[in-house]
Amino acid sequence: MSTQPAHAGEGAVRAELDRAAEQVAQQVIAWRRHLHRHPELSNREEGTAALVADHLRSLGLDEVRTGIAGHGVVGVLRGGRPGPRTVALRADTDALPVKDLCGADFGSETVDADYPGGPFPVSHACGHDCHTAMLMGAASVLAGARERLPGTVLFVFQPAEEGPPVTEDGGARAMVDAGAFADPVPTMVFGMHVTPYPRGYVGYHVGNQYAASTLVRIVVTGEQVHGSTPWQGVDPMPAAGAILTGIGQIYRQVSAYAPVTVTIGHVEDVGRFNIIGQTVTLWGTIRCAEESDMAEVRRRLTTLAEHSAAAYHATATVDCLQAVPPVHNSAEWVAAGLPTLRRVVGPERVVETGATLGYDDVSELVKRFGGLYVMLGVQDATLDAAGRPVPAPGGRGIVTNHHPRFYADDDTLVTGVRLHAHVAYDHLTGDLTAG
């Protein structure tokens, strides 16, 4: 009777993947630092896409598709063994209009003077530089193991995850509409997001990990007049203030058992210190832990805006744009993925997390094709007795995504490379599948 494990050959391949990940680790760090120094806003990721495409071509992939939904790139790697499955590994590539205060010597000094609404300072304050570099590294690793792969890998570099300008299309849905996933069709999508958790920890959540989201534009219209004679026109500013005040009560008008939030992040006035302008535009976002609450929150926001404006003899219109469904990790996909995650980082480093009201349009892909989206900890943190991240003694602290001082630990990036590679291999072999 043989004493060889049933998957001895697969164990050798996994060890090979780990060795290759270590060999590419320093290159991944160099890519990440280059991308961090040269960030690009949503739908403007031209240099990032060129860097990615050049690397994928250097690997001799079967196809490198560029210019998808703007600056999207998809690399196609067909394995040397037959197999019915296709895994899509996804990374987002765009940066944010946020000043870089991370303090690193590779910090960004980029300013985009031409972006709609700008000029804007630009930085990778959400960690997409890490995502892109890790997936580039995983492409190197998996291309080196091509002859051992029983199926196909898609390396998906997606632009405009943060949302394109409102007059443009972009993001995951645009890539789907452009046919990026039509040939071959994925049987699983996998991705991860760096987060303020302990370095090398993987967080997962069963159910809606990220919220449903929509961008909100509220235009309040009055009648322009000189600031010295407000009674001769209609001032839209008090109406805008009333709307802002009323928004703080919307959460009390829907069930408290599923969190929602309405946030106005930008107020745009057309006027001058001595001119009462014609319009005030409020830009914001709605987030709902349960997608079923979105219609009711939108209805109540519209009622609030229209009636508040009317009380000041102004008018208001509400537009909801760029709707994104929640990132939903099904129990079946989580159960399928946990053995792989635990093998890669260790069982003690795989932890269940709570849901958040953040959003990520990877949800468009996971919803269509199935799969899993997880968190990768990259900061100097530990977990307290309740499982919450707290600053590690002597470390750099905890800094949330989108903060100007957001940082990520370079040495943790190789863990992301290994996660991509192992999840891909395990899915192709049939060890990680909910089907």
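Structure: see above.
1. Points about the nonpolar core
One finds Leu-89, Leu-142, Val-153, Phe-155, Phe-157, Phe-190 and Leu-419 to be the most contacted residues of the largest nonpolar core, which totals 65 residues. No other element matches the 10 residues that helix α3 (residues 128-144) contributes to this core. Filtering out sequence-adjacent residues up to four positions away, Phe-157 remains in contact with Val-52, Leu-56, Gly-72, Val-73, Ala-91, Thr-93, Thr-132, Leu-135, Met-136 and Met-175. Counting 27 residues, the second largest nonpolar core, distinct from the first, contains Ile-218, Val-220, Val-254 and Leu-282.

2. Brief notes about the pattern of salt bridges
In the structure shown here, the tally under the stated rule is 27 salt bridges. The closest approach of N and O atoms between Arg-14 and Asp-426, which form a salt bridge, is 2.9 Å. On the criterion of sequence distance, the pair formed by Arg-14 in helix α1 (residues 8-37) and Asp-426 in helix α9 (residues 413-429) is long-range, its members being 412 residues apart. One exposure class covers both Arg-14 and Asp-426, and it is buried. With a closest N to O distance of 2.9 Å, Arg-44 and Glu-168 form a salt bridge. With a gap of 124 residues between them, Arg-44 in the loop between α1 and α2 (46-58) and Glu-168 in the loop between β6 (150-158) and α4 (172-177) connect regions that are remote in the sequence. Classification of Arg-44 as partly exposed rests on a relative accessible area of 28%. With a relative accessible area of 24%, Glu-168 lands in the partly exposed category.

3. Topic: the sheet that holds strand β14 (residues 279-288)
The strand order across the open sheet built from 4 strands is β12-β14-β10-β15, with neighbouring strands paired in antiparallel fashion. Both edges of this open sheet fall to β12 (260-269) and β15 (315-324), since each of them pairs with a single strand only. Across this sheet, the average inter-strand angle for adjacent strands is 20 degrees, counted without regard to direction. Pairing analysis gives 8 bridges linking strand β10 (residues 212-221) to β15, with the strands arranged antiparallel. Looking at β15, one finds that Arg-217 is bridged to Asp-319. Against the sheet, helix α5 (residues 236-247) contacts β10, β12 and β14, and its axis sits at roughly 10 degrees relative to β14. Strands in contact with helix α6 (residues 294-311) are β10, β12, β14 and β15; relative to β15, the strand with the most contacts, it is inclined by about 160 degrees.

4. Concerning the packing of α3 against α9
The N-to-C vectors of α3 and α9 enclose an angle of 50 degrees; their axes lie 8 Å apart at closest approach. Here α3 lies oblique to α9, going by the angle between them. Judged by the sense of rotation from one axis to the other, the crossing of α3 with α9 is right-handed. On α9, the residues touching Cys-130, Met-134, Leu-135, Gly-137, Ala-138, Val-141 and Leu-142 of α3 are Leu-413, Gly-416, Val-417, His-420, Ala-421 and Ala-424.

5. As for the sheet that holds strand β3 (residues 81-92)
A sheet is described by the order of its strands in space; here 8 strands give the open sequence β1-β2-β6-β3-β7-β18-β8-β17, paired in mixed fashion. Among the strands making up the open sheet, the edge pair consists of β1 (63-68) and β17 (350-352). Adjacent strand axes in the sheet meet at a mean angle of 25 degrees, parallel and antiparallel pairs treated alike. When strand β7 (residues 188-198) meets strand β18 (residues 371-379), the two strands line up parallel, connected through 8 bridges.

Rules of the game
Throughout, a residue's number is its position along its own chain's written sequence, starting from 1. Residues qualify for local features only when their pLDDT is at least 70, as the model is predicted, and side-chain atom pairs are given and counted only at 80 or more; totals for whole chains, interfaces and linings, by contrast, use all residues. Hydrogens and water molecules were not included; the side-chain quantities draw on all heavy atoms of the structure. Throughout, nonpolar core names a set of buried Ala, Val, Leu, Ile, Met, Phe, Trp, Tyr and Cys residues whose side chains join them through atoms within 4.5 Å. Each residue is assigned to one of three classes by its accessible area relative to the maximum for its type, calculated with a 1.4 Å probe on protein chains only: buried under 20%, partly exposed between the two thresholds, exposed over 50%. Going along the chain from the N terminus, every DSSP run of H or I of four or more residues is numbered as a helix, and every run of E of two or more is numbered as a strand. Here, residues are in contact when the closest pair of their heavy atoms is within 4.5 Å. Whenever a carboxyl oxygen of Asp or Glu lies within 4 Å of a side-chain nitrogen of Lys or Arg, that contact is scored as a salt bridge. When DSSP finds two or more bridges between two strands, those strands count as paired. Think of each axis as a best-fit line through the C-alpha atoms, taken over the contacting stretch in the case of a helix, with angles from 0 to 180 degrees between the N-to-C directions. Here roughly perpendicular refers to angles of 65 to 115 degrees, roughly parallel to angles under 35, roughly antiparallel to angles over 145, and oblique to all remaining angles. By definition, any crossing whose near helix is turned counterclockwise from its far helix by less than a right angle is left-handed, and any crossing with a clockwise turn is right-handed.

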